[in-house]
Amino acid sequence: MKFKEGRNEKWLNEAEALEKFKSKIKGWMTLPEGTDYCPHCWEKMDKMNKLTEGMKKDARPTIEFVEKRKGTEGWSVICQTHDPARKDGEEFVPFLNS
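As a starting point, this report considers the structure included with it. (Residues numbered from 1 in each chain as written. Predicted model: local features only at pLDDT ≥ 70, side-chain atom pairs only at ≥ 80, totals over all residues. Heavy atoms only, no water.)

Topic: the overall build of the protein chain
Moving on, step 1. Scanning the protein chain from terminus to terminus reveals three helices and five strands.
Moving on, step 2. Secondary structure elements in the protein chain, listed N-terminal to C-terminal, are α-β-β-α-α-β-β-β.
Moving on, step 3. For the protein chain, buried positions account for 32% of its 98 residues.
Moving on, step 4. For the protein chain, the proportion of contacts with a sequence separation of at least 24, taken over those separated by at least 6, is 61%.
Moving on, step 5. For the protein chain, the computed accessible surface area is about 6,800 Å², with 50% contributed by carbon and sulfur atoms. (Helix = DSSP H or I, 4+ residues; strand = E, 2+ residues; numbered from the N terminus. Buried < 20%, exposed > 50% of the residue type's maximum accessible area, 1.4 Å probe, protein only. Contact = heavy atoms within 4.5 Å. Areas by Shrake-Rupley, 256 points an atom, 1.4 Å probe, with all protein chains shown as cover.)

Structural notes on the side chain of Asp-36
Moving on, step 1. In this fold, Asp-36 is placed in strand β2 (residues 36-37).
Moving on, step 2. Here Asp-36 falls in the buried class, since its relative accessible area comes to 9%.
Moving on, step 3. A distance of 2.7 Å separates the side chain of Asp-36 from the side chain of Arg-69, its partner in a polar contact.
Moving on, step 4. With residues up to four places along the chain from it excluded, the contact list for Asp-36 reads Trp-28, Met-29, Thr-30, Thr-62, Arg-69, Val-77, Ile-78, Cys-79 and Gln-80. (Polar contact = N/O pair within 3.5 Å; in protein donor to acceptor, adjacent residues only side chain to side chain.)

Some points on unusual backbone geometry
Moving on, step 1. Positioned with a positive phi, Asn-49 is a non-glycine residue whose angle comes to about 60°.
Moving on, step 2. Among the structural elements, Asn-49 can be located in the loop between α2 (39-47) and α3 (53-58).

Focus: the environment of Phe-95
Moving on, step 1. Tracing the backbone shows Phe-95 in the segment after β5 (90-94).
Moving on, step 2. Considered as a pair, Phe-95 and Ala-15 are 80 residues apart in the sequence and their alpha carbons are 8.4 Å apart.
Moving on, step 3. Contact partners of Phe-95, with chain neighbours within four places excluded, come to Trp-11, Leu-12, Asn-13, Glu-14, Ala-17, Lys-70, Gly-71, Thr-72, Glu-73, Gly-74 and Trp-75.

Remarks on α2
Moving on, step 1. Within α2 the residues assigned to the buried category are Cys-41, Trp-42 and Met-45. In an axial view of α2, the angular spread of the buried residues amounts to 100°, which keeps them on one side of the axis.
Moving on, step 2. Of the surrounding secondary structure, the elements contacted by the buried residues of α2 are β1 (29-30), β2 and α3.
Moving on, step 3. Directly beyond the C-terminal end of α2, a positive phi value near 60° is found at Asn-49. (Arc of directions from axis to C-beta.)

Quick notes on the state of the cysteines
Moving on, step 1. Across all of its chains, the model carries zero disulfides by this definition.
Moving on, step 2. With no disulfide of its own, Cys-38 lies 3.6 Å from the sulfur of Cys-41, the closest cysteine sulfur.
Moving on, step 3. Owing to a relative accessible area of 1%, Cys-38 belongs among the buried residues under this scheme.
Moving on, step 4. Not engaged in a disulfide, the cysteine Cys-41 finds its nearest cysteine sulfur in Cys-79; these two sulfurs lie 3.6 Å apart. (Disulfide = S-S within 2.5 Å.)

Here's what the structure looks like:
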């Protein structure tokens, strides 16, 4: 994922970007095999009875796995059931490489 600094955006160092990323992924859930779900899809799947009791019990907040979401250009996560029309199904916070 390429990122170019915009007019109203500034490059963050890795630690600053991590803190911003953590604030953006509150409510995200991850299953033991590493499948991520945004809060919208998690709630939707729950209402549609697509989450088993085992899935609900075993899922952990994505923030607990934040170190595994580091890429070469920033921190990122994409919802398993991501619909490209929805902006809340993915999060990316770039950081300045040293």
